[in-house]
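# Architecture and fold: a report
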Amino acid sequence: MTTEATRAATEAPGAPLPILSHWIDGRPVEVLPEATGPVYNPATGKVIARVPRGGAAEVDAAVTAARAAFPAWRDMPLIARSQIFFAFRERMWQHREELARLITRDHGKTYPDALTEVLRGLETVEYACGLPTLLAGMNTPGVSTNVDAHTLRQPVGVAVGITPFNFPVMVPTWIYPIALACGNTFILKPSSHTPGATQLQAELWKEAGLPDGVFNVVYGGREAVQALVEHPGVDAIQFVGSTAVGRYVYETGTHLGKRVTSFTSAKNAMVVLPDADMELAADAAIASGYGSAGERCMAQTLIVTVGDAGDRLRPLMEERIARLNVGPGMEPGVDMGPIYSAEHRASVIEWIDRGATEGAELVVDGRPFRHPDSPDGFFLGVTLFDHVTPEMKVFNEEIFGPVLGMVRVSTYGEALGLVNGHQYANGTAIFTTDGGAARRYELDVDVPMIGINVPIPVPAGYMSFGGAKLSAFGDLKMRGEDSIRFFTREKEVTVRWPEPGRRPALSLVFPSNS
Ligand code: NAD
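The rules behind each value
Residues numbered from 1 in each chain as written. Predicted model: local features only at pLDDT ≥ 70, side-chain atom pairs only at ≥ 80, totals over all residues. Heavy atoms only, no water. Pairing = 2+ DSSP bridges. Helix = DSSP H or I, 4+ residues; strand = E, 2+ residues; numbered from the N terminus. Axes fitted to C-alpha atoms, helices over the stretch in contact; angles between N-to-C directions. Parallel < 35°, antiparallel > 145°, perpendicular 65-115°, else oblique. Contact = heavy atoms within 4.5 Å. Nonpolar A, V, L, I, M, F, W, Y, C, P; charged D, E, K, R; others polar. Phe/Tyr/Trp six-rings, centres within 6.5 Å; stacked < 30°, edge-to-face > 60°. Buried < 20%, exposed > 50% of the residue type's maximum accessible area, 1.4 Å probe, protein only. Domains from an automatic or database assignment. Buried area = accessible area lost by both parts, 1.4 Å probe. Salt bridge = Lys/Arg side-chain N within 4 Å of Asp/Glu carboxyl O. Polar contact = N/O pair within 3.5 Å; in protein donor to acceptor, adjacent residues only side chain to side chain.

### A short note on the sheet that holds strand β6 (residues 147-155)
Strands in a sheet are paired, the pairing made by backbone hydrogen bonds, and the direction either parallel or antiparallel. Taken together, the three strands give an open sheet; going across it, the order is β5-β6-β22, and neighbouring strands pair in antiparallel fashion. Each having just a single partner strand, β5 (139-144) and β22 (488-496) make up the two edges of the open sheet. Pairs of neighbouring strands in the sheet enclose a mean axial angle of 30°, with direction left out of account. Where β5 meets β6, three bridges bridge the pair, whose relative direction is antiparallel.

Encoded structure:
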């Protein structure tokens, strides 16, 4: 079923539930209802569609299609390849509002937030449009007498993206445009919780002129992921999701000789120094911690306050919390939508129970919140803990919900020690008006993505993105120059064209560059 037909079926009252299709070799592959699982609208709690549960057979079909399409795609002239990217970019821009509506419907985040997600994904598509220059190698004439050297960047083969529920457009479009631009063919395995915007992406590629088999989609969970990780026809995998699954994908994939990077869970801390602009810091903490119901890997969910910063920040945060509007993401004026699933809502509630039991001060409790017009929606209010300490599980573990924890310390050094001692390292921020302190933090902190008075420091689309420690497995980051390296094999070529009459004499000495 096409995206348009699915949408029409979803919207028609009393119509049977639409069933999404895998996308293999340039066309939808339909499945029987018994091989599907439910897709929920978290704002209503109702099932709105069914998504295929793919396994080894579908993965094998997608790998076969991707392998068959690889030689021609690899050999397509770079300008022709980039023209397809420009055409896709135009279509993605034209369909940005539709993509955003599909994200809000499946995930629950607010429509403006979903639209921004699409635009942040578009940035990487735009970066990939410049593929002829991105793939340029190095050329060094005269490395030795009559000897030149140059490098080539060639695709690795069939690449895979395994992506999470929380950014159904942005995370895939941080991965596949670069994989495709480098001349690889691709299989996307998106999250089954938020599949609505995926097929539209496949359809837009087809309209843009991408040859069949170059971009494929297989839906499914553990079985599909295992089949992709173990398939001998898969050469490279970028995974984004939880640390437990990402570690398995990385360890199994690399053991089987594939290139793998996994970008995984996070628990980010925002340090607030006493000289910070407290109004700015309060806005930042609320926006970062509760935006998208806290379901962002770059959310700053620990607010580490130094000296009297905590006493001054907390009332400003409480004022803002009192004004927050929680409701369906498509409604104008809503700040925060529902949690994406009933199970995850229950898990976040368990974390709040745990924080209270561990002795954190429960300043604002989101557990009792019910939306009056949508009692079956997966809504939860926002929660604020104070006096969270490093011994607590709510300090150490990712909750991935609208739960903020304030931590009190006396010095900058203590704050830095807490951030650097954490098991996760994805993003961090510091709020201060002291340029020297900000500079010191930038140099001292062991976290790769840093915001100075910026709470969600997601680098621009042409820059690389990725964490460290338990937030990433593998050496290269996602997007940007690192992704070009990840999705290509480099060759170094050394060339001699002897001039007539100047052939070098036989020598058994190791070649010197002179
Ligand atoms: P998840 O690990 O549950 O799912 C990620 C992918 O793995 C999905 O495609 C899913 O279908 C698949 N999967 C799930 N369980 C599996 C299993 N047992 N075996 C094999 N595959 C399985 O993650 P999620 O809940 O979709 O996403 C939230 C997580 O992703 C959070 O931990 C968040 O921090 C992380 N995340 C990280 C980044 C980053 O860049 N570091 C970005 C976004 C999200």
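### What to know about the packing of helix α4 (residues 96-107) against helix α8 (residues 196-208)
Contact geometry for α4 and α8: axes closest at 8 Å, N-to-C directions at 155°. As judged from the angle between their axes, α4 and α8 are roughly antiparallel. For the pair α4 and α8, the contacting residues are Glu 98, Leu 99, Leu 102, Ile 103, Arg 105 and Asp 106 in the first and Gly 196, Ala 197, Leu 200 and Gln 201 in the second. Residues belonging to the contact of α4 with α8 are distributed by class as follows: five nonpolar, two polar and three charged.

### A few points about the packing of aromatic side chains
On inspection of all chains with the given rule, the structure shows 13 aromatic pairs. Ring centres 6.0 Å apart and planes at 35° place the aromatic pair Tyr 250 and Phe 473 in the tilted group. Taken together, the positions of Tyr 250 in helix α10 (residues 243-255) and Phe 473 in strand β21 (residues 472-473) put the pair 223 residues apart, joining distant regions of the chain. For Tyr 250, a relative accessible area of 23% translates into the label partly exposed. Exposure remark for Phe 473: the relative accessible area of 11% places this residue in the buried category.

### Overview of the domain arrangement of the protein
Under the domain assignment used here, the protein contains domain 1 (55-264 + 471-491) and domain 2 (268-452). Between domain 1 and domain 2, the residue contacts involve 15 residues of the former and 17 residues of the latter. Counting each side, the surface lost to burial between domain 1 and domain 2 is near 1400 Å², with a carbon and sulfur contribution of 58%. The three residues of domain 1 that bury the most area against domain 2 are Thr 110, Phe 165 and Ser 471, which together make up 34% of that side's buried surface. The interface formed by domain 1 and domain 2 holds one salt bridge in total. Linking Arg 296 and Asp 113 is a salt bridge whose minimum nitrogen-to-oxygen distance equals 2.9 Å. Connecting domain 1 to domain 2 are five residue pairs in polar contact (both at pLDDT 80 or more). Mapped onto the side of domain 1 that touches domain 2, the elements with two or more residues apiece are α4 and α5 (111-129). The element contributing the most residues to the side of domain 1 that touches domain 2 is α4, with three residues. Its residues placed into classes, the side of domain 1 that touches domain 2 shows three nonpolar, eight polar and four charged.

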